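This is what each chain is made of:
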Amino acid sequence: MGICCSDEAGGRSAVGGTAAAVPSAASPNDAVSCFLNSRGYHGLFSEIEVLTSQLYLSRSCAGFLNLLLSFSATNLRDLDVFSKSDPMVVVYTKGKDGALREVCRTEVVLNSLNPKWITKYIIMFQFEIVQTLLFRLYDIDTQFHNVDLKMLKLDEQEFLGEATCTLSEVVTKPNGSLTLDLVRREEASISSHSRCSGKLTVHADECISSKTTTEIIFRCTELENKDLFSKSDPFLVISKIMEGGVPIPVCKTEVIKNDLKPTWKPVFLNIQQVGSKDSPLVIECFNFNSNARHDLLGKVQKSLRELEKLHSSGQGENLFVSPSTGHNDHNKVLKSQLFVDKFSENIQHTFLDYLAGGFELNFMVAVDFTASNGNPRLPDSLHYIDPSGRPNAYQQAIIEVGEVLQFYDSDKRFPAWGFGARPIDGPVSHCFNLNGSSNYCEVEGIQGIMMAYNSALFNVSLAGPTLFGHVITNAALIASQSLANGGRKYFALLIITDGVVTDLQETKDALVKASDLPLSILIVGVGGADFKEMEVLDADKGDRLESSSGRVASRDMVQFVPLRDVQSGEISVVQSLLAELPSQFLTYMRTRNIQPKHDTV
């Protein structure tokens, strides 16, 4: 693995750095791995590198954040005769199949009916997954107080009550706290009016000590020329120094070809990522080689605070190279200099900051009713309603996406449209209200969408062609009105379709126009059609969309997933579809400098 890329362009891309305001969760670590391998560090850093990658992913990826859950309770049942209960919380995660997995036990709080536990449970919040939690409280008998918590047999303890919720319900509360009624298992299935066994409060805090991100633009002068027939192709690698003096790469720039006085695109360093502003950093400049044996052009060692002073002074710092042999030899100082052309700090608010500030994600859905779906009354139709209750592809997409997004929409009233059909006594419509109303498009809850969908199947005639422009324009109008009224809302339109879009350019025009609005478009392709043209709309595969007038979309706001590609795999359609939504949300907020606003009471 000495050579980490098969060609020069691929190698330059892998080494090349990030310049976006929201760093990619994967590429920095891919480059770090590539860099370490290229220097022959094939096992030496494996555990540290994996840990660093996991920390980077959990802290930097918009939809993945580590949370600390803390617990308190009030008015617990007193099951002791001569004292009060000695309660403990046991936390379980519940899988989609209903299987429970114990993940945490708190300490035992002695003699208390209103305990506050010190033990915290660390959990990774994953936006695109419904994470169900179950909490069971037990009164620990005195004879077991000296027993290791892990060794306690729960069936020997007195059960105080249980409660369940999703992690999304906790994080969408303005203060990150959710209070739940505790019920006893035998009462939970009897009546909704069962006597409460007290209340459990679950509070979530992000595991982030610093949200300060530093933006730095580096420049070098008089670099040494290492290439025979051209100039050096320089790039920078920034490493933090671990205990024992071991450098661990945390960031890198792109490769600039054929330049001895390069200026790189901005790099972004989180204060927590490097330790502190006074933690030493090694900044190494390399000449890129396609064989991955990159030449060291020189390095400097500076902390963020020292880099800030370098920027303020406007002066450069000479690069040096360390001696290859001998401990008493001095570093060789080079003519090459490193300059800091920009040094700025700003707070990078997370997705959860905006939720805590009262922002919402509003769910919308648009269903394809074109004739290519087949007669809904026949089993081979994509719209066939199976008497056994097994959902068709449209129902599956609505349920799975809706189950995730519903927690982020407080009123749970969802706009729902159909397109490509002829309503009773009317012409073909490319955007009609799914509920049959001529006045309003909203339905109540996911069940409301399902009922409207089922009803529409028997009240419209499937037609065509497949046009997206109308529903995107309608969704954009709602987003625009909300924005104009000062609403703290971001909208996600789910389009489910079986065919290739007919109005491709009109759709591009609508998307480019909507890219300035708080809106994302989620497209699910069902059936066996060729969706290659559809992938053009997803900017992940190439350049940003361009309208017929030549205007370029201000950001990526489309995610497309063919259902058949994920049905047989381990990843669900929801995970594939919603993976980018928090990042798209943050990109919109950050590029417009929209700050979370916390409610004041």
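The coordinates are above.
Residues numbered from 1 in each chain as written. Predicted model: local features only at pLDDT ≥ 70, side-chain atom pairs only at ≥ 80, totals over all residues. Heavy atoms only, no water.

**Overview of the nonpolar core**
Inference 1: Counting 82 residues, the largest nonpolar core has F71, F135, L200, F351, F369 and L405 as its most contacted members.
Inference 2: Mapping this core onto the domain boundaries places at least three of its residues in each of domain 1 (66-208) and domain 3 (359-592).
Inference 3: Not counting residues up to four positions away in its chain, the partners in contact with F71 are V89, V91, T106, K116, W117, T119, Y121, F135, L200, T201 and V202.
Inference 4: Membership of the second largest hydrophobic core comes to 32 residues, among which are A475, F491, V512 and L545. (Core = buried A, V, L, I, M, F, W, Y, C linked by side-chain atoms within 4.5 Å. Buried < 20%, exposed > 50% of the residue type's maximum accessible area, 1.4 Å probe, protein only. Domains from an automatic or database assignment. Contact = heavy atoms within 4.5 Å.)

**Considering the sheet that holds strand β4 (residues 121-126)**
Inference 1: Pairing is antiparallel in the open sheet, where 4 strands are placed in the order β4-β1-β8-β7. Of all strands in the sheet, those bounded by a partner on one side alone are β4 and β7 (177-181). Direction aside, neighbouring strands of the sheet carry axes that sit 35 degrees apart on average.
Inference 2: Pairing of strand β1 (residues 64-74) with β4, which is carried by 6 bridges, proceeds in the antiparallel orientation. Directly across from L68, in β4, lies its bridge partner I122. (Pairing = 2+ DSSP bridges. Helix = DSSP H or I, 4+ residues; strand = E, 2+ residues; numbered from the N terminus. Axes fitted to C-alpha atoms, helices over the stretch in contact; angles between N-to-C directions.)

**Quick look at unusual backbone geometry**
Inference 1: The amide bond that connects G464 to the next residue, P465, takes the cis arrangement and shows omega of 0 degrees.
Inference 2: Within the secondary structure layout, P465 lies in the loop between β22 (460-462) and α11 (469-484).
Inference 3: Here the phi dihedral of E222 falls at roughly 55 degrees; this positive angle occurs in a residue that is not glycine.
Inference 4: Relative to the assigned elements, E222 resides in the loop between β9 (212-221) and β10 (234-241).
Inference 5: For E222, a relative accessible area of 53% gives the class exposed.

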